[in-house]
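# Tertiary structure, described
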2 protein chains.
Amino acid sequence: MSLRHALLAALSQGEASGYELAKRFDVAVADYWTATPQQLYRDLERLEQDGLVEARVVEQTRRPNKRVFTMTEKGLEELRAFGRRPSKPPAMRDELLVKLQAADRTGEPETLIEAARARLTRSKEKLARYEQLRERLLDGRTEDDYLGDSDEVGPYLTLMAGREYEQLNIRWAQTVIETLTRRRQGPEAG
Amino acid sequence: MSLRHALLAALSQGEASGYELAKRFDVAVADYWTATPQQLYRDLERLEQDGLVEARVVEQTRRPNKRVFTMTEKGLEELRAFGRRPSKPPAMRDELLVKLQAADRTGEPETLIEAARARLTRSKEKLARYEQLRERLLDGRTEDDYLGDSDEVGPYLTLMAGREYEQLNIRWAQTVIETLTRRRQGPEAG
DNA sequence: CCCCTATACTCAACAAATTGAATAGGTGCG
DNA sequence: CGCACCTATTCAATTTGTTGAGTATAGGGG
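Residues numbered from 1 in each chain as written. Chains lettered and ligands numbered in written order. Predicted model: local features only at pLDDT ≥ 70, side-chain atom pairs only at ≥ 80, totals over all residues. Heavy atoms only, no water.

## Observations concerning the overall build of chain A
If you tally the helices and strands in chain A, you get nine helices and four strands. Traced from its N-terminal end to its C-terminal end, chain A shows the element sequence α-β-α-α-β-β-α-β-α-α-α-α-α. Against the compact-globule benchmark of 16 Å for 190 residues, chain A has a radius of gyration of 21 Å, which places it well outside the compact range. Each principal axis of the C-alpha distribution contributes one length, and for chain A these read about 65 × 45 × 40 Å. Here chain A, with 190 residues, has 48% of them falling under the buried criterion. (Helix = DSSP H or I, 4+ residues; strand = E, 2+ residues; numbered from the N terminus. Rg over C-alpha atoms; globule rule 2.2 N^0.38 Å. Buried < 20%, exposed > 50% of the residue type's maximum accessible area, 1.4 Å probe, protein only.)

Structure follows, in structure tokens:
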């Protein structure tokens, strides 16, 4: 049950509704924790039952009302306890890599090139959003100044990880596309 | 049910027993698909029932007998079909990043520095194993030669991704450690 | 000879994630 | 004025993943 902690960490950045969290998870957090909206709503429910978050309904005129969640003191305690426990090794699932692993047996390099192109596009989009977020966080300062002075380094360090991860993806996807294209055009070896 | 495909992809590199696959998943595959041995055994069972893999018992004198699994033609077909379907976006879960995200609220930078050190060690170990595997694959050739000529590019391209990912982790963990250490020692800003 | 480690699995119970559908008001486009 | 899309959420069913224990053989070290 670890999405709980990812949710608490997200709420530690400020209160939010389930819907807002779903977007936050898609924009800023997605490179280190993945979850669907359904999961978020369910776990927010449980967090509330356990007293780790509190909900209040915010009436809205031009759109449906929403329930805004705030982390409680007990929630912060739970986050601290979580911080002290040893971390599980990171878990990753990447279908594109699975397909590539089997590429030499399955043939059909075209479909793989297409898949790599899709990854390239996606990673460029994610990177662009991360860059925006970065500009907003830095707010004119240099990275070094920010890391030394600011009272908010956590989100910047995680953003750094996501940013570099997408940069890696872009470079890597380009290599994959080039390699597979080159081999398809001139397979005069063997 | 996607571990199925990761398993088939692993078996496309050659037959293996559940136990051997468990090790393969720990060494070469872990950066793009994570699974516990129990999961592997259960899903191999199902793959066998569905006729996507075949098992045969290999008698061993000096150790317990093992069941060695081979991908069937039907399994290869399933892999091909999987290759043609659009890929799900990669999913990732990283507790260290969650802890870092909340770092400014939880305080206790020491525990986080420790956690980052653990990540650094782990990534260095993984990288070392990847480098070994790389040498074995390249077998004297340059990367460029290999990518152009070899009849096995898939495993190399996935290895490349894992290698660069661990290199990124190492650089990043060092930045985290330095940043948190610097701030703990001289927090003379406000 | 005993204990530890490695090989090679199996079983059961539980927790978590995925999928698909459903509801319901508001906004914007042609 | 109809259709698609956005906000905002809920429900149910099924599939996956995790945890912990348990079985059995063999080799090596002290």
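## Concerning the UniProt feature "domain: Transcription regulator PadR C-terminal" (unreviewed entry) in chain A
Cross-referencing UniProt, the feature "domain: Transcription regulator PadR C-terminal" (unreviewed entry) maps to residues 92-180 of chain A in the present numbering. Secondary structure content for residues 92-180 of chain A is 84% helix and 2% strand, while the C-alpha to C-alpha distance between its ends is 24 Å. (UniProt positions renumbered as here; feature names shortened; annotations may be inferred.)

## What to know about helix α4 (residues 73-84) of chain A
All names here are of chain A. An ideal rise of 1.5 Å per residue puts 16 Å on twelve residues; α4 measures up with 17 Å between its terminal C-alpha atoms. Within the span of α4, buried status applies to G75, L76, L79, R80 and F82. Each buried residue of α4 lies within a common arc of 160 degrees when the element is viewed along its axis, so the set occupies one face. Away from its buried face by more than 90 degrees, α4 exposes E73 and K74. (Expected span 1.5 Å × (residues − 1). Arc of directions from axis to C-beta.)

## Focus on the pattern of salt bridges
Residues and elements named next belong to chain A. By the definition in use, this model includes 34 salt bridges over all chains. Ionic pairing is found between R80 and E77, a salt bridge with its closest N-O pair at 2.9 Å. Placement of the pair is R80 and E77 together in helix α4, with a separation of three residues, close to one helical turn. Here E143 ties to R134 by a salt bridge, and the two come within 3.1 Å at their closest N and O atoms. In this structure E143 comes out as partly exposed when scored by relative accessible area, which is 25%. (Salt bridge = Lys/Arg side-chain N within 4 Å of Asp/Glu carboxyl O.)

## Quick word on the interface of chain A and chain B
Chain A puts 68 residues into the contact, and the matching count from chain B is 68 residues. Taken together, both faces of the contact between chain A and chain B bury some 7,000 Å²; the carbon and sulfur share is 57%. For the pair chain A and chain B, the interface holds six salt bridges. For the pair chain A and chain B, the interface holds 44 residue pairs in polar contact (both at pLDDT 80 or more). Sorting the residues of the side of chain A that touches chain B by element identifies α1 (3-11), α4, β4 (91-93), α5 (95-101), α6 (103-106), α7 (109-138), α8 (143-149) and α9 (154-185) of chain A as the ones contributing at least two each. (Contact = heavy atoms within 4.5 Å. Buried area = accessible area lost by both parts, 1.4 Å probe. Polar contact = N/O pair within 3.5 Å; in protein donor to acceptor, adjacent residues only side chain to side chain.)

## A look at the sheet that holds strand β2 (residues 53-58) of chain A
Sheets are built from strands that pair by backbone hydrogen bonding, the pairs being arranged parallel or antiparallel. Residues and elements named next belong to chain A. With antiparallel pairing, the three strands of this open sheet are ordered in space as β1-β3-β2. What marks the edges here is a single partner per strand, and that holds for β1 (16-17) and β2. Bridge count for β2 against strand β3 (residues 66-71) is six bridges, and the pairing is antiparallel. Residue pairing for β3: V58 is matched across the bridge by K66. (Pairing = 2+ DSSP bridges.)

## Points about the sheet that holds strand β2 (residues 53-58) of chain B
Residue and element names in this part refer to chain B. The strand order across the open sheet built from three strands is β1-β3-β2, with neighbouring strands paired in antiparallel fashion. Edge positions in the sheet fall to β1 (16-17) and β2, since each has one partner strand and no second. Contacts from helix α1 (residues 3-11) reach β1, β2 and β3 (66-71) within the one sheet, and its direction differs from that of β3 by about 90 degrees. (Axes fitted to C-alpha atoms, helices over the stretch in contact; angles between N-to-C directions.)

## Description of the relation of the copies chain A and chain B
For the pair chain A and chain B, the superposition axis carries a translation of 0.0 Å, the fit reaches an RMSD of 0.1 Å, and the rotation angle comes to 180 degrees. Expressed as an axis order, the relation between the two copies is that of a two-fold axis. Considering only C-alpha atoms, the part of chain A nearest the rotation axis is M92 of chain A, at 2.3 Å. (Least-squares fit on C-alpha atoms with pLDDT ≥ 70 in both.)

## A closer look at the pairing of β3 of chain B
Inspection of the sheet shows β1 of chain B paired to β3 of chain B by two bridges, in the antiparallel sense. Among the inter-strand pairings, A16 of chain B is bridged to a residue of β3 of chain B, identified as F69 of chain B.

## Quick notes on the packing of α1 of chain B against helix α4 (residues 73-84) of chain B
Residue and element names in this part refer to chain B. Between α1 and α4, the least distance of the axes is 10 Å, while the angle of their chain directions is 120 degrees. In this view, α1 runs oblique relative to α4, as classed from their interaxial angle. Crossing handedness for the pair α1 and α4: left-handed. Mapping the contact onto sequence places H5, L8 and A9 in α1 and G75, E78, L79 and F82 in α4. The class makeup of the residues in the contact of α1 with α4 is four nonpolar, two polar and one charged. (Parallel < 35°, antiparallel > 145°, perpendicular 65-115°, else oblique. Left-handed = near helix turned anticlockwise from the far one by under 90°. Nonpolar A, V, L, I, M, F, W, Y, C, P; charged D, E, K, R; others polar.)

## Regarding the packing of α1 of chain A against helix α3 (residues 37-49) of chain A
How two helices sit against one another is set out by the angle between their axes and by the gap between those axes. All names here are of chain A. The contact between α1 and α3 brings their axes to 10 Å, and the two run at 85 degrees. One element, α1, and the other, α3, form an angle in the roughly perpendicular class. Only Q39, L40, D43, L44, R46 and L47 of α3 make contact with α1, whose side of the interface consists of L3, R4, L7, L8 and L11.

## What to know about the side chain of Q101 of chain A
Position of Q101 of chain A relative to the elements: it lies in helix α5. Among the polar contacts listed, one links the side chain of Q101 of chain A to the side chain of Y32 of chain B, at a separation of 3.0 Å. Leave out the neighbours within four places in its chain, and Q101 of chain A touches A9, S12, Q13, Y32, G154, P155 and T158 of chain B.

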